[in-house]
Amino acid sequence: MASPVLADKPAVTPLPGRRRRPGFGRRDHVIGWLLIAPAVVYFVIFLLYPALAALYYSFTDWNLRSAPNWVGPANYSDLLFDDVRYPHFWKSIRVTLQYTLIAVPLTLATALAQALLINTIRRGSNVFRLLLFLPVVTAEAAVGAIWRWLYDPQYGLVNSLLGLFGVPGQNWLNTPELVIPALSFIAAWQCGISMIIYLAGLKGIPDSIREAAIIDGAGPVQRFWKVVVPMLRPTTFYLLVTGVIAALQVFGLVYVIFSGGGGRSVTGGPEQSGLTYVLHLYLFAFRYDAMGAACAMSFILFLFIMIITALQFKFVRQEAS
């Protein structure tokens, strides 16, 4: 028999659906487009149009003063195969690859060491974080001037420190074999962004995993290689990809260091040992009046970066599987 209380409760009728006002969806679309309009305008004017214009000019012979002359793929073929007209093209590629192979691992190792150090500091970690991040926000012109003094063969601080350990001083920026290591050390000194990202990755490692490793008897070195390094693998991969892309495009620091203070006589150091690819591109565009060849060089670099990045992703997928 049904309960009288339940029997007397009135039936609940569902509320009618809420009506949408006419034109409400259309107004949402308009507002959405207005919100993204600044980003779209910026992309079209400052990114898409310059890229398409550079693609067109890469098939022309243009000196920035006269009208461009269409030459088809001649710029690309001459850059790749004409050693007489472009004698330092492959040299700049070798220099850039050497710099990338040294600077990127050194930067990652320095950033990880700094992140591990800051992660263990209980007091004053924000101060150390600020001091280690300052080289990133310092103007490249100031960084280049400072390091030109530090590497000075007679009065530089680097040679003075080496002398304290009985190591003879070196002419860092005028010895072809030492130019790339010297530039790579500067890149490692400017590892503040990588350090912050590594520090965030370290903060994301659960304490339970560390405690379990300690209970199992793992020492600090074993915990680093068996716990920290595997847990930071996604972070390391991200920094590796972005670091390689940045190293392949290095320009400002090399330009300031080897400009001799004037900028008109920049050649990339002794025997072009510091002639990076983008510096060579800049010289073609604004020193040799060959903007068409410079645009072709930019798209060759773009394709090369795409290939290198795709190979990195493919290697990671194969390793994960």
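Residues numbered from 1 in each chain as written. Predicted model: local features only at pLDDT ≥ 70, side-chain atom pairs only at ≥ 80, totals over all residues. Heavy atoms only, no water.

A. Examining the overall build of the protein more closely. The secondary structure content of the protein amounts to 15 helices and 2 strands. Counting all 321 residues of the protein, 34% fall into the buried class. For the protein, restricting intrachain contacts to residue pairs at least 6 apart in sequence, the fraction spanning at least 24 positions comes to 65%. Total accessible area computed for the protein in this model is approximately 20400 Å², and 67% of it derives from carbon and sulfur atoms. (Helix = DSSP H or I, 4+ residues; strand = E, 2+ residues; numbered from the N terminus. Buried < 20%, exposed > 50% of the residue type's maximum accessible area, 1.4 Å probe, protein only. Contact = heavy atoms within 4.5 Å. Areas by Shrake-Rupley, 256 points an atom, 1.4 Å probe, with all protein chains shown as cover.)

B. Just the layout of surface pockets, in detail. Of the voids in this model, the largest pocket is the one considered here, and its volume is about 580 Å³. Lining the largest pocket are 23 residues, with Thr107, Ala187, Gln190, Gly243 and Ala246 positioned closest to its centre. Secondary-structure elements contributing two or more residues to the lining of the largest pocket are α4 (89–120), α5 (125–137), α9 (192–203) and α12 (233–248). The dominant element in the lining of the largest pocket, judged by the number of residues it contributes, is α12, at 6 residues. Its residues placed into classes, the lining of the largest pocket shows 16 nonpolar, 6 polar and 1 charged. (1 Å grid on protein atoms, 1.4 Å probe; cavity = no way out; pocket = protein on both sides within 12 Å on 5 of 7 lines; lining within 4 Å. Points joined across faces, edges and corners; volume = space filled by probe spheres on them. Nonpolar A, V, L, I, M, F, W, Y, C, P; charged D, E, K, R; others polar.)

C. Examining the pattern of salt bridges more closely. Using the criterion set out here, one finds 2 salt bridges in the structure. A salt bridge links Asp289 to Arg65; the shortest N-O distance between them is 3.4 Å. Taken together, the residues Asp289 in the loop between α14 (277–286) and α15 (291–320) and Arg65 in the loop between β1 (60–61) and β2 (69–70) connect sequence positions 224 residues apart. A relative accessible area of 62% means that Arg65 is categorised as exposed. Across the salt bridge formed by Asp78 and Arg85, the nearest N and O atoms sit 3.1 Å from each other. For Arg85, a relative accessible area of 45% gives the class partly exposed. (Salt bridge = Lys/Arg side-chain N within 4 Å of Asp/Glu carboxyl O.)

D. Expanded view of the UniProt feature "transmembrane region" (unreviewed entry) in the protein. Summarizing the sequence annotation, UniProt attributes the feature "transmembrane region" (unreviewed entry) to residues 30–59, 97–118, 130–150, 178–200, 236–258 and 290–311 in the numbering used throughout. With 93% helix and 0% strand, residues 30–59 has end C-alpha atoms that lie 40 Å from one another. Along residues 130–150 the backbone is 90% helical and 0% strand, and the end-to-end C-alpha distance reaches 22 Å. (UniProt positions renumbered as here; feature names shortened; annotations may be inferred.)

E. Region of the structure containing α12. Spanning 16 residues, α12 covers 22 Å between terminal C-alpha atoms, matching the ideal 22 Å at 1.5 Å per step. Listed in full, the buried residues belonging to α12 are Thr235, Phe237, Leu239, Val241, Val244, Ala247 and Leu248. (Expected span 1.5 Å × (residues − 1).)

F. Layout of the nonpolar core. Counting residues in each nonpolar core, the largest one holds 72 residues, and the members touching the most others are Phe89, Tyr99, Tyr151, Tyr198 and Tyr277. Counting residues per element, this core draws most heavily on α4, which supplies 11 residues. With residues up to four places along the chain from it excluded, the contact list for Tyr99 reads Val104, Ile180, Leu183, Ser184, Ala187, Ala247 and Val250. (Core = buried A, V, L, I, M, F, W, Y, C linked by side-chain atoms within 4.5 Å.)

G. Focus on the packing of aromatic side chains. Applying the stated criterion across every chain yields a total of 20 aromatic pairs. Relative to Phe284, the ring of Tyr86 has its centre 5.1 Å away and its plane inclined at 50 degrees; by these criteria the two rings are tilted. Taken together, the residues Tyr86 in the loop between α3 (74–81) and α4 and Phe284 in helix α14 connect sequence positions 198 residues apart. Residue Tyr86 shares its accessibility class with Phe284, and that shared class is buried. Between the aromatic rings of Phe251 and Tyr282, the centroid separation amounts to 5.2 Å while the plane-to-plane angle is 50 degrees, which identifies the pairing as tilted. (Phe/Tyr/Trp six-rings, centres within 6.5 Å; stacked < 30°, edge-to-face > 60°.)

H. Here's a closer look at unusual backbone geometry. The phi angle at Leu64 is positive, at roughly 75 degrees, despite the residue not being glycine. One can find Leu64 in the loop between β1 and β2.

I. Structural context of the confidence of the model for the protein. Looking at the protein as a whole, the pLDDT averages 87, with 89% of positions reaching at least 70. At the low end of the mean pLDDT range in the protein sits helix α1 (residues 4–8), at 51; at the high end sits α12, at 95. (pLDDT = per-residue confidence, 0-100.)

J. Spotlight on α9. Look at α9: 16 Å from first C-alpha to last across 12 residues, which is about the 16 Å you get at 1.5 Å a residue. Among the residues making up α9, those that are buried are Gly192, Ser194, Met195, Tyr198, Leu199, Gly201 and Leu202. Where the residues of α9 are buried, they touch α4, α5, α10 (207–215), α11 (220–231) and α12.

K. View of the packing of α4 against helix α8 (residues 176–189). Direction vectors running N to C along α4 and α8 enclose 35 degrees, while the axes themselves pass 8 Å from each other. The way α4 lies across α8 gives a crossing that is right-handed. Facing α4, whose interface residues are Val95, Gln98, Tyr99, Ile102, Ala103, Leu106, Thr107 and Thr110, α8 presents Ile180, Leu183, Ser184, Phe185, Ala187 and Ala188. (Axes fitted to C-alpha atoms, helices over the stretch in contact; angles between N-to-C directions. Left-handed = near helix turned anticlockwise from the far one by under 90°.)

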